[in-house]
Number of protein chains: 4
Amino acid sequence: MSAKKDLRIGLIGTGFMGRTHSNGYRRVPNFFPQLAYNPVLKAVCSRNREKVQAFADQWGYESVETDWRALIARDDIDAVDICTPNDSHAEIAIAAAAAGKMILCEKPLARNVAEAEQMVEAAEKAGVQTTVWYNYRRIPAVTLAKQIVDSGKLGKIFHYRANFLQDWTISADVPQGGTGTWRMDVDAAGSGVTGDLLAHCIDTAMWLNGAISDVSAVTETFVKERMHQLTGKVQPVGIDDACIFHCHFANGSLGLFESTRYARGHKALYTFEINGEHASIRWDLHDLNRLEYFDHSDESIVRGWRSIHVTDGDQPYMDKWWVPGLGIGYEHSFIHQVADFLKSLETGEPCSPNFRDALETQKVCEAVIESANTRSWKDTGVQTFTM
Amino acid sequence: MSAKKDLRIGLIGTGFMGRTHSNGYRRVPNFFPQLAYNPVLKAVCSRNREKVQAFADQWGYESVETDWRALIARDDIDAVDICTPNDSHAEIAIAAAAAGKMILCEKPLARNVAEAEQMVEAAEKAGVQTTVWYNYRRIPAVTLAKQIVDSGKLGKIFHYRANFLQDWTISADVPQGGTGTWRMDVDAAGSGVTGDLLAHCIDTAMWLNGAISDVSAVTETFVKERMHQLTGKVQPVGIDDACIFHCHFANGSLGLFESTRYARGHKALYTFEINGEHASIRWDLHDLNRLEYFDHSDESIVRGWRSIHVTDGDQPYMDKWWVPGLGIGYEHSFIHQVADFLKSLETGEPCSPNFRDALETQKVCEAVIESANTRSWKDTGVQTFTM
Amino acid sequence: MSAKKDLRIGLIGTGFMGRTHSNGYRRVPNFFPQLAYNPVLKAVCSRNREKVQAFADQWGYESVETDWRALIARDDIDAVDICTPNDSHAEIAIAAAAAGKMILCEKPLARNVAEAEQMVEAAEKAGVQTTVWYNYRRIPAVTLAKQIVDSGKLGKIFHYRANFLQDWTISADVPQGGTGTWRMDVDAAGSGVTGDLLAHCIDTAMWLNGAISDVSAVTETFVKERMHQLTGKVQPVGIDDACIFHCHFANGSLGLFESTRYARGHKALYTFEINGEHASIRWDLHDLNRLEYFDHSDESIVRGWRSIHVTDGDQPYMDKWWVPGLGIGYEHSFIHQVADFLKSLETGEPCSPNFRDALETQKVCEAVIESANTRSWKDTGVQTFTM
Amino acid sequence: MSAKKDLRIGLIGTGFMGRTHSNGYRRVPNFFPQLAYNPVLKAVCSRNREKVQAFADQWGYESVETDWRALIARDDIDAVDICTPNDSHAEIAIAAAAAGKMILCEKPLARNVAEAEQMVEAAEKAGVQTTVWYNYRRIPAVTLAKQIVDSGKLGKIFHYRANFLQDWTISADVPQGGTGTWRMDVDAAGSGVTGDLLAHCIDTAMWLNGAISDVSAVTETFVKERMHQLTGKVQPVGIDDACIFHCHFANGSLGLFESTRYARGHKALYTFEINGEHASIRWDLHDLNRLEYFDHSDESIVRGWRSIHVTDGDQPYMDKWWVPGLGIGYEHSFIHQVADFLKSLETGEPCSPNFRDALETQKVCEAVIESANTRSWKDTGVQTFTM
Ligand SMILES: NC(=O)C1=CN([C@@H]2O[C@H](COP(=O)(O)OP(=O)(O)OC[C@H]3O[C@@H](n4cnc5c(N)ncnc54)[C@H](O)[C@@H]3O)[C@@H](O)[C@H]2O)C=CC1
Ligand SMILES: NC(=O)C1=CN([C@@H]2O[C@H](COP(=O)(O)OP(=O)(O)OC[C@H]3O[C@@H](n4cnc5c(N)ncnc54)[C@H](O)[C@@H]3O)[C@@H](O)[C@H]2O)C=CC1
Ligand SMILES: NC(=O)C1=CN([C@@H]2O[C@H](COP(=O)(O)OP(=O)(O)OC[C@H]3O[C@@H](n4cnc5c(N)ncnc54)[C@H](O)[C@@H]3O)[C@@H](O)[C@H]2O)C=CC1
Ligand SMILES: NC(=O)C1=CN([C@@H]2O[C@H](COP(=O)(O)OP(=O)(O)OC[C@H]3O[C@@H](n4cnc5c(N)ncnc54)[C@H](O)[C@@H]3O)[C@@H](O)[C@H]2O)C=CC1
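These numbers come from a predicted model, not from an experiment.

**With respect to the relation of the copies chain C and chain A**
Then, in step 1: At an RMSD of 0.0 Å, chain C and chain A line up after a rotation of 180 degrees and a shift of 0.0 Å along the axis. A rotation of that kind, with that shift, is consistent with a two-fold axis. No C-alpha of chain C lies nearer the rotation axis than that of S376(C), which sits 3.0 Å from it.
Then, in step 2: A shared binding surface is used by both copies, with 100% of the interface residues of chain C retained as interface residues in chain A.

**Concerning the pattern of salt bridges**
All names here are of chain C.
Then, in step 1: Within this structure, the stated rule accounts for 108 salt bridges over all chains.
Then, in step 2: Its salt-bridge partner being R137, residue D203 comes within 2.8 Å of it at the nearest N-O pair. Within this pair, whereas D203 is found in helix α8 (residues 193-209), its partner R137 is found in the loop between β6 (130-132) and α6 (140-151), the two being separated by 66 residues in sequence.
Then, in step 3: Since its relative accessible area comes to 1%, R137 is described here as buried.
Then, in step 4: D196 serves as the salt-bridge partner of R261, at 2.9 Å between the closest nitrogen and oxygen. In this pair, R261 is assigned in the loop between β12 (254-260) and β13 (269-276) and D196 in helix α8, connecting sequence segments 65 residues apart. Considered together, R261 and D196 belong to a single accessibility category, that of buried residues.

**Let's talk about the interface of chain D and chain B**
In many analyses, interface size is given as the accessible surface area lost on bringing the parts together.
Then, in step 1: Listed per partner, the contact involves 40 residues of chain D and 40 residues of chain B.
Then, in step 2: Carbon and sulfur atoms make up 60% of the area that chain D and chain B hide from each other, which totals about 3,500 Å².
Then, in step 3: At the boundary of chain D with chain B, the tally comes to four salt bridges.
Then, in step 4: Put simply, D214(D) and R375(B) hold a salt bridge, and the shortest N to O gap is 3.2 Å.
Then, in step 5: For the side of chain D that touches chain B, the secondary-structure elements that each account for two or more residues are β7 (157-165), β8 (212-220), β11 (242-249), β12 (254-260), β13 (269-276) and β14 (279-284) of chain D.
Then, in step 6: Its residues placed into classes, the side of chain D that touches chain B shows 17 nonpolar, 14 polar and nine charged.

**With respect to the relation of the copies chain D and chain B**
Then, in step 1: Of the transformation placing chain D onto chain B, the axial shift is 0.0 Å and the rotation is 180 degrees, giving an RMSD of 0.0 Å.
Then, in step 2: Comparing interface residues between copies, 100% of those in chain D also lie at the interface in chain B; the contact surface is shared.

**As for the UniProt feature "domain: Gfo/Idh/MocA-like oxidoreductase N-terminal" (unreviewed entry) in chain A**
Then, in step 1: The UniProt record marks residues 7-132 of chain A with the feature "domain: Gfo/Idh/MocA-like oxidoreductase N-terminal" (unreviewed entry), using the residue numbering of this structure.
Then, in step 2: Overall, residues 7-132 of chain A shows 45% helix and 23% strand. The separation of its end C-alpha atoms is 17 Å.

**Some thoughts on the domain arrangement of chain A**
Residues and elements named next belong to chain A.
Then, in step 1: Considered domain by domain, chain A is made up of domain 1 (5-135) and domain 2 (136-379).
Then, in step 2: On a C-alpha basis, the centres of domain 1 and domain 2 stand 23 Å from each other.
Then, in step 3: Between domain 1 and domain 2, the residue contacts involve 46 residues of the former and 47 residues of the latter.
Then, in step 4: The junction of domain 1 with domain 2 conceals about 4,200 Å² of combined surface from both sides, 68% of it contributed by carbon and sulfur atoms.
Then, in step 5: Area buried by domain 1 at its contact with domain 2 is led by F31, Y134 and N135, which between them contribute 21% of it.
Then, in step 6: Applying the counting criterion to the domain 1 and domain 2 interface returns two salt bridges.
Then, in step 7: Across the pair E124 and R356 runs a salt bridge whose closest N-O atoms are separated by 2.7 Å.
Then, in step 8: Our count for the contact surface shared by domain 1 and domain 2 stands at 20 residue pairs in polar contact (both at pLDDT 80 or more).
Then, in step 9: Among the elements of the structure, α1 (16-31), β2 (37-45), β5 (102-105), α5 (113-126) and β6 (130-132) are those that each provide at least two residues to the side of domain 1 that touches domain 2.

**Quick notes on the pairing of β5(A)**
Residues and elements named next belong to chain A.
Then, in step 1: Residues of β5 alternate between two faces, with M102 and L104 on one and I103 and C105 on the opposite face, all of them buried.
Then, in step 2: Pairing analysis gives four bridges linking strand β4 (residues 79-82) to β5, with the strands arranged parallel. Bridge pairing links D81 to L104 in β5.
Then, in step 3: In this view, the connection linking β4 to its parallel neighbour β5 by way of helix α4 (residues 89-98) has right-handed handedness.
Then, in step 4: Viewed along the sheet, the connection from β5 through α5 into β6 turns out right-handed.

**Section: the environment of A189(B)**
Residues and elements named next belong to chain B.
Then, in step 1: Relative to the helices and strands, A189 is located in helix α7 (residues 186-189).
Then, in step 2: Residues A189 and G252, 63 residues apart in the sequence, show an inter-C-alpha distance of 32 Å.
Then, in step 3: Once residues lying within four places of it in the same chain are set aside, the contact partners of A189 are N86, R111, W182 and R183.

**Here's the deal with the site of ligand 2**
Residues and elements named next belong to chain B.
Then, in step 1: Neighbouring residues of ligand 2: 23 residues in total, closest T14, N86, H89, K107 and R183.
Then, in step 2: At 2.9 Å from an oxygen atom of ligand 2 is found a main-chain nitrogen or oxygen belonging to T14.
Then, in step 3: In the environment of ligand 2, an oxygen atom lies 3.0 Å from a nitrogen or oxygen atom belonging to the backbone of F16.
Then, in step 4: Protein chains shield 86% of the accessible area of ligand 2, which is 840 Å² for the free molecule.
Then, in step 5: Class assignment of the residues belonging to the shell around ligand 2 gives a composition of 10 nonpolar, nine polar and four charged.
Then, in step 6: Taken domain by domain, the makeup of the shell around ligand 2 includes at least three residues from each of domain 1 (5-135) and domain 2 (137-379).

**What about the layout of surface pockets?**
Then, in step 1: Roughly 600 Å³ of volume is contained in the second largest pocket.
Then, in step 2: Lining the second largest pocket we find 28 residues, and of these R26(B), W59(B), G60(B), R26(C) and W59(C) sit closest to its centre.
Then, in step 3: Among the secondary structure elements, those contributing two or more residues to the lining of the second largest pocket are α1 (16-31), β2 (37-45) and α2 (49-59) of chain B together with α1 (16-31), β2 (37-45) and α2 (49-59) of chain C.
Then, in step 4: A class-by-class count of the residues in the lining of the second largest pocket yields 14 nonpolar, eight polar and six charged.

**Here we look at the site of ligand 4**
Residues and elements named next belong to chain D.
Then, in step 1: Not every one of the 23 residues close to ligand 4 is listed here, only the nearest: T14, M17, N86, K107 and R183.
Then, in step 2: In the model, an oxygen atom of ligand 4 is placed 2.8 Å from a nitrogen or oxygen of the T14 main chain.
Then, in step 3: Interatomic distance of 2.8 Å between a side-chain N/O atom of H89 and an oxygen atom of ligand 4.
Then, in step 4: Its free accessible area being 830 Å², ligand 4 has 87% of it covered by the protein chains.
Then, in step 5: A per-class count over the shell around ligand 4 returns 10 nonpolar, nine polar and four charged.
Then, in step 6: Inspection of the shell around ligand 4 shows a minimum of three residues originating in each of domain 1 (5-135) and domain 2 (137-379).

**Looking at α4(A)**
Since the α-helix advances by 3.6 residues per turn, residues separated by three or four positions end up pointing in the same direction.
Residues and elements named next belong to chain A.
Then, in step 1: All of the buried residues in α4 are H89, A90, I92, A93, A96 and A97. For α4, the arc enclosing every buried residue in end-on projection is 170 degrees, short of the 170-degree limit, so these residues lie on one face.
Then, in step 2: Along its buried surface, α4 packs onto β1 (5-12), α3 (68-73), β4, β5, α5 and α10 (355-374).
Then, in step 3: Looking at the residues trailing α4, positive phi occurs at G100, about 75 degrees.

**Some words on the sheet that holds strand β2 (residues 37-45) of chain D**
Residue and element names in this part refer to chain D.
Then, in step 1: Strands sit in the order β3-β2-β1-β4-β5-β6 across an open sheet of six strands; the sheet is parallel. The sheet terminates laterally at β3 (63-65) and β6 (130-132), the two strands that pair on one side only. The sheet shows a mean angle of 25 degrees between the axes of neighbouring strands, taken without regard to direction.
Then, in step 2: Looking at chain direction, strand β5 (residues 102-105) and β6 are connected through three bridges and run parallel. Along β6, the bridge assignment pairs C105 with V132.

**Quick look at the interface of chain C and chain A**
Then, in step 1: Residue-level contacts link 40 residues of chain C with 40 residues of chain A.
Then, in step 2: Surface buried jointly by chain C and chain A totals about 3,500 Å² across both partners, of which 60% is contributed by carbon and sulfur atoms.
Then, in step 3: Between chain C and chain A we count four salt bridges in total.
Then, in step 4: For the pair chain C and chain A, the interface holds 17 residue pairs in polar contact (both at pLDDT 80 or more).
Then, in step 5: Counting residues per element, the ones that place at least two in the side of chain C that touches chain A are β7 (157-165), β8 (212-220), β11 (242-249), β12, β13 and β14 (279-284) of chain C.

**Quick word on the packing of aromatic side chains**
What characterises a pair of aromatic rings is the spacing of the ring centres plus the angle enclosed by the ring planes.
Then, in step 1: Summed over the entire model, instances satisfying the criterion amount to 102 aromatic pairs over all chains.
Then, in step 2: For the pair Y160(A) and F249(A), a centre-to-centre distance of 5.7 Å together with 50 degrees between the ring planes defines the contact as tilted. Of this pair, Y160(A) sits in strand β7 (residues 157-165) while F249(A) sits in strand β11 (residues 242-249), and the two are 89 residues apart along the sequence. There is no split in this pair, since Y160(A) and F249(A) are both buried.
Then, in step 3: Considering the side-chain rings of F294(C) and W305(C), the 5.7 Å spacing of their centres and the 45 degrees angle between planes classify their relative orientation as tilted. One end of the pair, F294(C), is in strand β15 (residues 290-295); the other, W305(C), is in strand β16 (residues 305-309), with 11 residues separating them in the sequence. W305(C) matches F294(C) in its accessibility class, with the two residues each being buried.
Then, in step 4: The ring of W305(A) carries the charged tip of R282(A) above its face, separated from the ring centre by 4.1 Å.
Then, in step 5: Seen from the ring of W377(C), R375(A) lies directly overhead, with NZ or CZ sitting 4.4 Å from the centre.

Rules of the game
- Residues numbered from 1 in each chain as written.
- Chains lettered and ligands numbered in written order.
- Predicted model: local features only at pLDDT ≥ 70, side-chain atom pairs only at ≥ 80, totals over all residues.
- Heavy atoms only, no water.
- Least-squares fit on C-alpha atoms with pLDDT ≥ 70 in both.
- Contact = heavy atoms within 4.5 Å.
- Salt bridge = Lys/Arg side-chain N within 4 Å of Asp/Glu carboxyl O.
- Helix = DSSP H or I, 4+ residues; strand = E, 2+ residues; numbered from the N terminus.
- Buried < 20%, exposed > 50% of the residue type's maximum accessible area, 1.4 Å probe, protein only.
- Buried area = accessible area lost by both parts, 1.4 Å probe.
- Nonpolar A, V, L, I, M, F, W, Y, C, P; charged D, E, K, R; others polar.
- UniProt positions renumbered as here; feature names shortened; annotations may be inferred.
- Domains from an automatic or database assignment.
- Polar contact = N/O pair within 3.5 Å; in protein donor to acceptor, adjacent residues only side chain to side chain.
- Pairing = 2+ DSSP bridges.
- Right-handed = clockwise from strand over helix to strand, strands pointing away.
- Near = heavy atom within 4 Å.
- Areas by Shrake-Rupley, 256 points an atom, 1.4 Å probe, with all protein chains shown as cover.
- 1 Å grid on protein atoms, 1.4 Å probe; cavity = no way out; pocket = protein on both sides within 12 Å on 5 of 7 lines; lining within 4 Å.
- Points joined across faces, edges and corners; volume = space filled by probe spheres on them.
- Arc of directions from axis to C-beta.
- Axes fitted to C-alpha atoms, helices over the stretch in contact; angles between N-to-C directions.
- Phe/Tyr/Trp six-rings, centres within 6.5 Å; stacked < 30°, edge-to-face > 60°.
- Lys NZ or Arg CZ within 6 Å of the ring centre and 35° of its normal.

So this is what it looks like as structure tokens:
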């Protein structure tokens with residue numbers, strides 16, 4: 001244990017993601033004891049001193065800050081973890097890069113491509129290690145999907161489809177802006193479901209199936225005006241409540257994506273499916289330990305979709321957990337990403353997706369929004385996507 | 001078409017089964033045109049002349065009878081189809097055998113082993129072709145299960161489990177006896193769920209997994225008294241509302257069976273599962289076009305239960321129906337049994353299960369009831385079961 | 001029975017649909033005995049005399065024709081049923097209308113809007129009763145969906161999504177044109193999956209959710225050339241192998257549709273889902289007796305998607321069939337449409353969808369293809385859709 | 001934070017359960033910050049010094065012991081957590097009680113009733129707080145089931161059924177005894193699947209549905225001899241590979257239980273179902289965040305089993321975790337039990353099940369084994385079960 005190197009973390013933002021990441025740092029030493037690096041919870045920052053102190057006590061951070069600039073300025077921080085709303089990602093990340101810190105940034109990388117490009121430039125210029133928390137890649141069933149795709153079992157790919165359906169903003173009484181509902185405020189969020197939910201679908205999709213070349217989208221804002229938390233006034237809603245797009249992948253397959261927060265009955269239904277010449281795969285976040293797999297090479301009379309319960313030791317990450325049949329949860333995807341980030345420090349390999357990879361996802365998001373606004377196809381400008 | 005031989009049917013009983021069988025006779029020429037025999041709906045019998053005439057008109061029977069003895073006495077009938085409540089099966093079947101008629105009898109063969117043995121003796125002495133409507137064998141997914149078992153894919157069998165769960169008699173207001181509720185009257189039915197529902201499970205089980213050697217059972221009558229339709233009086237209920245038993249099969253596997261009419265939420269949940277050394281199978285009547293199959297020889301990381309949608313032309317009976325993906329229904333099991341019975345006339349093979357096979361099932365039912373009554377294990381006396 | 005009026009049918013085309021319709025006519029008297037009209041299988045037509053005679057024998061048609069014009073010319077035919085490939089629908093229907101026959105026409109109504117408009121004009125001018133076999137409406141679970149929508153349980157609708165996924169043309173060896181594969185030949189079919197599969201999805205969608213106003217589509221032809229059965233030559237493929245579109249409904253909801261014959265593992269996966277303010281519905285052809293329903297007004301801790309097994313007597317059409325829990329099949333949707341057509345003759349109400357309704361669906365299909373070809377949004381021109 | 005009281009834990013056994021419990025102690029402060037007690041990982045014990053030190057390093061225990069007696073003798077331990085094989089539970093627990101320690105003991109409480117009674121006596125005499133790790137009670141969906149039962153929604157109960165199916169000992173090459181396979185050695189384990197798996201099912205069952213009065217069981221040992229790890233010799237197998245029993249509950253309902261390690265395709269399929277007069281419930285460990293619920297009072301045409309995704313803040317324990325739709329895993333049941341144990345120290349209430357509750361479960365297990373051995377019904381001697 002003494003031989004381990006410390007990675008001193010400074011976390012900014014103590015909301016939902018602040019908790020999942022803190023849990024990630026705390027769990028990794030217990031479940032990935034062989035890693036050479038050990039995360040040290042050096043400091044945590046959010047604006048209210050009392051609340052951030054309570055958070056620090058709860059999670060075991062050594063110290064607190066109320067100004068992220070102060071946190072970045074500290075010498076005893078190796079890596080800055082950005083868990084704040086989207087409108088602050090760019091500013092914080094650029095400052096962190098300038099200070100020579102490694103950066104772990106929440107998704108979407110930024111509100112738009114312009115911000116994202118500056119972040120990439122800053123990080124690359126500084127030569128700092130980066131990663132973006134597109135955490136779904138590291139749910140074992142999803143990682144297994146990648147393994148199956150890479151094995152060539154699917155053959156030529158024809159179709160990719162994904163959706164991310166929620167139902168929590170149907171009521172017109174949900175406000176916009178401020179704590180808890182910054183996602184409804186276009187200034188804070190950059191976009192609605194596109195950056196919030198489709199960004200995940202796009203990241204997974206390009207990881208599994210390569211670059212998305214062009215897109216044709218439609219968006220809708222069902223509730224046109226909502227009270228703004230900060231102004232107290234009813235104001236126009238600037239975000240997309242729902243977004244649908246179809247697209248071409250560079251490999252010739254067709255893509256189909258949908259996201260909404262108005263799908264009554266679905267809390268967080270992220271599903272994807274890939275149809276290849278020889279085999280198909282599908283996955284569903286509501287049953288996250290399972291992967292469905294259809295293999296056309298099975299004997300015809302007993303051929304069918306296989307329901308794979310991804311809980312065996314020879315399946316991705318699962319040697320770290322319990323015994324066959326015993327599932328893990330959502331939070332484990334973050335633990336795995338922490339472990340992979342630490343591992344990347346050992347190996348010198350990037351911990352995908354890094355800022356540059358996440359910029360590509362940002363480009364697709366932006367093309368989607370532009371396509372919807374102009375009612376026309378848009379090229380994404382993404383050429384290749386391999387990480 | 002002219003070359004076809006007629007099989008002149010006389011049907012007794014115009015209730016639920018009278019309809020499914022009539023439909024079977026009417027459909028076979030359309031879907032099994034290559035059969036050498038053609039069913040002719042010669043006569044139908046039930047006690048009310050007006051009602052039986054309406055039934056004859058609806059289904060195209062040439063004539064009606066109100067006394068089954070008259071029907072059996074007719075020269076123009078080749079085969080008698082018994083669709084009456086259980087208490088009349090023996091008497092009708094024995095008379096039909098004496099008259100040299102082929103017999104298609106509804107299940108359970110009789111109310112008890114004594115009646116069933118007389119029926120077997122009568123039929124065998126008369127040398128008439130028989131079949132008993134344990135129709136579930138001929139649902140394509142179930143027939144496929146048999147095919148898989150026979151292929152040896154499962155290896156040594158360890159477990160067989162089945163249940164048949166309903167919920168229609170929970171109300172104490174459901175009466176017993178008479179039309180519609182003769183199943184609740186032990187004199188008419190012989191037993192409750194044991195003969196009505198478990199008999200199906202036992203037939204399928206022995207067909208798929210061989211003889212059941214001994215049983216240990218429990219039964220329960222939740223509602224102790226019910227109004228009797230015929231007497232108008234509240235009388236003790238003599239049937240088993242629920243029955244559970246475990247057993248040994250001759251092949252060394254363990255069996256587990258349960259049936260009840262008090263399983264709120266289940267209309268007709270007949271399911272079975274077989275666990276073998278190498279593979280397992282399960283099936284569910286509520287989703288009858290599907291068979292689930294687990295094959296341990298699949299590559300480990302992509303191993304899982306396969307959901308086989310049994311609607312392809314190379315799967316049992318399905319070349320007669322539509323195109324892949326398009327399911328058939330409950331009633332088709334009867335059409336298939338009619339077709340197989342007609343085929344058996346061509347080939348001279350028995351159309352399983354015949355009376356003798358059904359007697360074995362009756363023995364298990366009776367041992368189950370006795371076991372429950374005596375709170376002890378009972379040998380069934382069944383040695384082998386291959387049909 | 002004697003009081004029944006005959007409806008003398010002349011059926012053209014003895015393939016897949018020739019069989020489902022013939023079965024519909026044969027089954028209706030058995031299961032819908034109270035109808036005032038009785039279908040009489042007067043004549044059947046296809047081009048090969050031997051084959052059509054065999055079909056007539058199998059299904060009980062009184063006579064055969066090998067030229068559909070001869071069939072239409074007959075006095076003893078009341079209604080012409082068109083079960084031929086799409087390229088002949090218009091010509092036959094227009095001739096039938098001119099001859100004053102009622103017309104039951106397979107879907108899609110025609111290859112394109114121009115043909116469809118002529119058919120509507122001819123039928124309306126002749127004042128003949130028409131219906132188009134968008135049969136999925138009459139699967140009980142789908143009819144129940146309509147009932148739920150009409151009850152207002154869903155509230156304001158936000159989303160409609162449907163797909164129809166198949167996998168039978170993945171192999172480049174599948175030919176185009178001629179018997180069995182006319183669907184692959186654009187001249188015979190008019191389009192690929194759009195007219196063949198999406199037409200069903202669009203019909204159901206507009207029936208459940210009203211007019212589709214505008215569409216934005218993409219199509220793909222994965223295998224660019226295939227051998228043509230008639231010429232024996234490898235020729236360009238003119239159909240769409242896959243089609244995806246999103247759209248606006250007149251009621252403000254967003255729609256999303258996808259169809260393909262390259263979705264490995266899916267035989268005939270027609271699914272749809274509607275998300276409303278208060279409740280949602282979804283359905284899947286592979287499990288056709290079930291409807292899933294989510295009702296937000298359920299008590300929160302026990303709220304969830306309900307899996308409704310649509311087999312009870314108080315659910316649409318199910319009083320005609322068996323007992324709760326026992327499912328029916330694909331073919332029953334055609335039996336129900338025959339019954340409803342006969343009923344419409346009694347009541348004088350149209351049997352929806354009629355030619356005019358189906359023309360609206362055709363307009364959407366055509367707008368979809370045009371949108372894909374021009375990479376732009378297209379108005380459908382459909383104003384309202386209520387039938 | 002400073003105001004918290006320490007609960008100094010001494011853990012014995014560093015295998016599978018040693019890990020789940022250690023994780024429980026580590027997670028509780030992060031997710032249940034409001035608890036008055038704080039678990040302190042004071043010491044951990046297992047026999048190999050090097051291994052136990054590595055475990056201590058990994059999990060943050062302050063010190064190690066290699067003899068459990070030494071651990072119990074320590075003054076700085078408040079509570080002893082027993083995570084060793086079954087044959088040592090009694091000896092360790094009795095010694096711990098004598099030393100005045102609180103005891104958290106793994107299930108089954110002991111190998112048999114005689115041992116269990118001594119443990120209860122010792123603990124009660126010492127007046128120490130106890131709990132037994134029947135952890136499944138604290139999976140949120142299972143706790144919700146309890147809440148529903150207690151609400152009276154189910155009405156009179158008719159049926160309870162549960163199974164626990166595994167497939168890991170099918171190969172005759174699996175040895176018995178020693179590390180990893182002590183479960184196969186009757187001396188170490190007390191029994192086979194009965195104590196290992198059915199004990200869980202029985203605990204949940206009596207918690208949800210009250211006392212089990214009498215049982216009728218069958219057991220089977222499919223592989224009669226296995227190599228013993230400690231002797232290196234092939235020896236008779238003394239455990240039950242499979243066990244099935246039916247029973248009466250004190251409330252008049254029928255029970256049905258099955259467990260096996262020979263159910264090919266099932267890794268850890270623990271399911272249970274309760275059928276009541278008005279409603280039913282079922283649950284499945286392979287999909288642990290879901291509870292299925294059928295409520296007969298739903299409007300009939302839209303009635304069906306509800307699939308409840310138990311991830312909302314108003315459902316048991318879920319306010320401590322993430323957001324709706326995001327599932328948790330198996331390990332969380334142990335975190336919840338730690339939290340509840342700490343809470344019980346605050347409130348003075350027992351943390352069920354305590355030793356006395358677990359003794360009742362032991363009685364049922366023993367009656368089951370005896371029933372199987374004597375092929376007869378056995379009374380369990382359990383009168384009431386409320387905790
Ligand atoms: N990977 C994933 O699946 C998810 C990613 N996210 C992303 O994580 C980020 C945060 O989202 P949530 O945690 O859900 O939001 P949240 O609203 O729960 O938490 C945001 C936190 O940032 C703090 N904060 C805001 N401005 C700050 C400032 N100037 N200085 C310091 N602290 C500040 C707030 O006090 C709060 O603690 C967003 O970019 C979001 O898109 C969110 C949820 C899931
Ligand atoms: N294979 C299967 O899955 C099923 C088998 N059955 C079996 O079929 C038989 C009939 O059951 P259901 O059709 O459900 O009963 P049902 O009550 O619907 O019909 C019974 C019919 O028998 C007639 N009948 C009664 N006594 C008669 C007599 N002496 N002479 C002439 N007709 C008489 C009644 O009028 C009625 O038409 C039973 O043995 C039952 O166990 C029933 C349902 C399903
Ligand atoms: N409602 C539904 O779900 C379905 C609708 N259809 C529609 O039904 C129609 C027929 O399709 P299928 O039955 O699958 O095709 P098929 O290829 O199985 O049968 C077509 C029949 O038409 C006959 N035919 C072709 N040209 C003819 C002519 N000039 N005169 C007389 N007969 C002629 C052929 O001999 C053949 O019997 C198509 O419009 C198709 O789109 C098809 C399948 C399902
Ligand atoms: N609640 C639940 O769901 C589960 C409960 N269990 C129970 O937990 C107990 C342990 O099972 P596992 O963790 O699976 O076994 P395991 O074999 O993984 O671990 C047993 C541990 O006990 C240690 N040990 C054995 N004898 C010892 C001694 N004399 N002194 C100190 N340490 C000793 C071993 O070195 C090993 O670390 C059993 O009673 C078992 O029934 C096990 C698995 C699941």
